[in-house]
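What the coordinates show
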Amino acid sequence: MHNNHHDSYDLGFWRKYIFATDHKIIGLQYGITALFFLLVGFSLMMLMRWQLAYPGEPIPVVGQFWIPFSKAIDWIRINIFHIAGSNFAEETLPGGVMLPEFYNQLGAMHGTIMVFMGIVPLAVGAFGNYVVPLQIGAADMAFPKINMASYWSFLIGGVIMLLSFLAPGGAASSGWTSYTPLADIAPTGQTLWIIGMIFLITSSLLGAVNFITTIFQLRAKGLTFMKLPFFVWAQLVTAFLLLLAFPPLEAAGVLQLMDRIAGTSFFLPSGLVVSGKPLEVSGGGNTLLWQHLFWFLAHPEVYVLILPAMGIVAEVIANNTRKPLWGYKSMVYSLLVLGFLSFIVWAHHMFLTGMGTAISTFFQATTMIISIPSVIILTALFLSLWGSSIRFNTPMLFALAFLPMFGIGGLTGLPLGLSTPDIHLHDTYYVIGHFHYIVAPGTIFALFAGIYYWFPKVTGRKMNEILGQIHFWPSLICMNGVFMPMMIQGLAGVSRRLYDGGAQYAHAQGYLHLNEFMSISAWILALAQIPFIINLFWSMFAGRKVENDNPWGSTTLEWATPTPPSHGNFVHEPIVYRGPYEYSVPNATKDFTPQNQEAIT
Amino acid sequence: MSLTVPYLIEERPDTGVFNAKMGIWLFLASEVMLFGALFSTYVLLRVGSIEWPMGSTILSVPIGAFNTVVLITSSVTMVFAWVSLKLKQFDKFKLYLGLTILLALTFLVVKAFEYGAKFSHGMFPKTSTYLAIYFTLTGLHALHVIGGIIVNSYFWGPGGHLWQTKPEQFTNRIEIAGLYWHFVDLVWIFLFPVLYLL
């Protein structure tokens, strides 16, 4: 290991760790915050799963401490936010039984937290920030202060979202999509949702500008575009999606805020009747407009969730197969096509809104076309495994599991992308099963792979393999236990928005027994995360120390830095001579040839 | 030895820009998407409406035209400010940037009188869809003008010290601020005909 000789970067605790401008610290800040939010979002869902499995029954364990917890919330509401007449327990879980209103809040916030505060900040904010500058041989991001602003904007947005539970009437409850006109007339929590989103969007925009500039401007000498690691490519395309897709949602948020605060009717049509009374607004708005603006963001957002995951998986697979990626160039071109096409598929979320068959046909066609580059990437990753002697360590297990799980998620999406089967499947549990296969055992597994893979670079220690296996296998089984039955329920026609799990729904009667199975799977899944949490903290201090700066025998530049990298990252300016995945080069002395190594031997 | 971030001032040969210039163009691309979404909203609402008032029957075209001239002039003075720095004439830079700020303030004052006149006639965002989109678009644009005033005032005042130590970097910063300011100007050049004339 190198000595960090004179480290002129002695700033004191606050500027080094709290108001940090170093991309590595900001990456870790993002990572820790996002993991916390993921846990929160997961907890909300576990509460919902109780209600779905045992509708109307008081929640055990949680019910016990809910009273004191609610008392504390009441105190905060009354004394800090001056809300009169607060009784949080009665508004949420009276006697431990979940109210429908609270169920709706949990549902909306689960989606919001997981997507905007959990996975994107982890995949882009954490991994992107930590790894991209290292992989391109840069000293830092192009705009370190903007990077800091991006993190703090994210944190403020996240805190506002969590605090929205304290608002009168609770948090946003109109789904993570906040469909109008429902969201226009929802309680205060929805306003906080919009304000929180504006902070999260600002954070993403600042991050996106920073990533693109960094990748274009700060590449090391010799690092041409076709020598970039696939992970960097994935982050580059992702940043463009964030840059161009988020502003329309910001516009939509502003319009909804105007509807809610200034009384405008952007999304309120004329003659709207609410609870038997005509709504006193000027009318003339278009409620489909919200859906168009929302999905113009939210479909590219799906690729924001998945592309960095593909990037991580590509790195881990190339490293552990000890082979070059199969079809690196086709993967890169597929990525570009995917990024472009993701902007013109959004209305496949809206086949049932009656927007017309001509428009449906267009979006149906683009949706079928966009599956091609996804399949190319996945196939290339599968073919990369062919004929290699695979190292089955924990990161590789997660990366390998990503492939079939993402495959299931992708293939189950095809019937949804065709307008005819979508009539049957729309808004059923099939949709939930489909996208959770992509995001949960897909993206989240890839993120786990990334954590296990880059942990030694961050801490100088490896995570424990046995705990890793104890984390992996139950997670894999339980993920399928949660989401596969959803497909069955959905094919049977069970709606995704039933607060009693379908107990009073004619279509659901034959499939109610699956609810209990899914819920128990979800709770075991939660238990399976305990070894991961233990592993994460235990290995920081007591994990096996790495014997050199490149413990996995990797080719990319992040492993050419000291462990952990000091401020400025590289000891000598790296010069790149070769492509990113030169593993097992014939006649080479080692089975990997780093990008910054001039001669093969 | 630790590396530092390069291309703060000089251009990277293969991209032809320094970092901040690429950053501002990317930021402006996202701004185009923001206002693009709002203009699309305008089109969709207008196409879907039963009746839509002519802008000139509600708003005053002469006042709008005056404000257009004010903003275009401010863009010109912004360019002069940047050119003055290129010519190493800091006093002239102060003059032109000061003029830019004053013109921007003029624009806002006129806009405030326009708003006030509408409010006093009982015309609020909630009154009609036309007024809703009018107030939203011009309000968001006004926020951008305020942002520009803050940035320019900083460079006119405390930020100007950088000229003493790093004149090239300071000149670059004014160029970046100018690009942003031209964009704010450009948005208004679209807003004026769309809201006042059509």
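This text goes with the structure placed above it.
Residues numbered from 1 in each chain as written. Chains lettered and ligands numbered in written order. Predicted model: local features only at pLDDT ≥ 70, side-chain atom pairs only at ≥ 80, totals over all residues.

The next point concerns the overall build of chain A. Secondary structure summary: chain A contains 18 helices and 4 strands in total. Taking 2.2 N^0.38 as the reference for a compact globule, 601 residues should give roughly 25 Å; the C-alpha atoms of chain A span a radius of gyration of 24 Å, in line with that estimate. Projected onto its principal axes, the C-alpha positions of chain A cover 80 × 55 × 45 Å. The buried share of chain A, taken over its 601 residues, is 54%. Pairs at least 24 apart in sequence give 78% of the contacts found in chain A among residues at least 6 apart. (Helix = DSSP H or I, 4+ residues; strand = E, 2+ residues; numbered from the N terminus. Rg over C-alpha atoms; globule rule 2.2 N^0.38 Å. Buried ≥ 20, exposed ≤ 12 C-beta atoms within 10 Å, placed from the backbone. Contact = placed C-beta atoms within 7 Å.)

Here the focus is the packing of helix α15 (residues 429-459) of chain A against helix α16 (residues 465-492) of chain A. Residue and element names in this part refer to chain A. Between α15 and α16, the shortest axis-to-axis distance is 7 Å and the interhelical angle comes to 165°. Here α15 is positioned roughly antiparallel relative to α16, judged by the angle of their axes. Judged by the sense of rotation from one axis to the other, the crossing of α15 with α16 is left-handed. Contacts between α15 and α16 involve Tyr 429, Tyr 430, Val 431, Ile 432, Gly 433, His 436, Tyr 437, Ala 440, Pro 441 and Tyr 452 from the first element and Gly 468, Leu 476, Met 479, Phe 483, Met 486, Met 487, Gln 489, Gly 490 and Leu 491 from the second. Here the residues of the contact of α15 with α16 are counted per class, giving 14 nonpolar, 5 polar and no charged. (Axes fitted to C-alpha atoms, helices over the stretch in contact; angles between N-to-C directions. Parallel < 35°, antiparallel > 145°, perpendicular 65-115°, else oblique. Left-handed = near helix turned anticlockwise from the far one by under 90°. Nonpolar A, V, L, I, M, F, W, Y, C, P; charged D, E, K, R; others polar.)

Moving on: the interface of chain B and chain A. Taken residue by residue, the interface counts 33 residues in chain B and 39 residues in chain A. Among the secondary structure elements, those contributing two or more residues to the side of chain B that touches chain A are α1 (19-47) and α5 (129-156) of chain B. In terms of residues, the side of chain B that touches chain A owes the most to one element, α1(B), which gives 14 residues. Tallied by class, residues from the side of chain B that touches chain A come to 18 nonpolar, 13 polar and 2 charged.

The next subject is the packing of helix α5 (residues 100-135) of chain A against helix α7 (residues 189-217) of chain A. All names here are of chain A. Viewed as axis vectors pointing N to C, α5 and α7 meet at an angle of 20°, and their least axial separation amounts to 11 Å. Here α5 is positioned roughly parallel relative to α7, judged by the angle of their axes. Between α5 and α7 the crossing geometry is left-handed. The segment α5 lies against α7, with Thr 112, Phe 116, Met 117, Val 124, Gly 125, Gly 128, Val 132 and Pro 133 engaging Trp 193, Leu 200, Gly 207, Phe 211, Thr 214 and Ile 215. Residues that form the contact of α5 with α7 fall into these classes: 9 nonpolar, 5 polar and no charged.

A word on helix α6 (residues 144-163) of chain A. All names here are of chain A. Taking 1.5 Å as the rise per residue, α6 with 20 residues should run 28 Å; its terminal C-alpha atoms sit 29 Å apart, in good agreement. Looking at α6, one finds that the buried residues are Asn 147, Met 148, Ser 150, Tyr 151, Ser 153, Phe 154, Gly 157, Gly 158 and Met 161. Looking at the buried residues of α6, the elements they touch are α2 (23-53), α5 and α7. (Expected span 1.5 Å × (residues − 1).)

Here A:Thr188 is to be found in the loop between α6 and α7. Those residues in contact with A:Thr188 that lie beyond four places of it in its chain are A:Ala167, A:Pro168 and A:Gly169.

Residue and element names in this part refer to chain A. Inspection of the secondary structure puts Lys 277 in strand β2 (residues 277-278). Residue Lys 277 is classed as exposed on the basis of its 8 C-beta neighbours within 10 Å. Sequence separation of Lys 277 and Val 546 is 269 residues, and the distance between their C-alpha atoms is 69 Å.

Geometric values such as these leave the question of function open.
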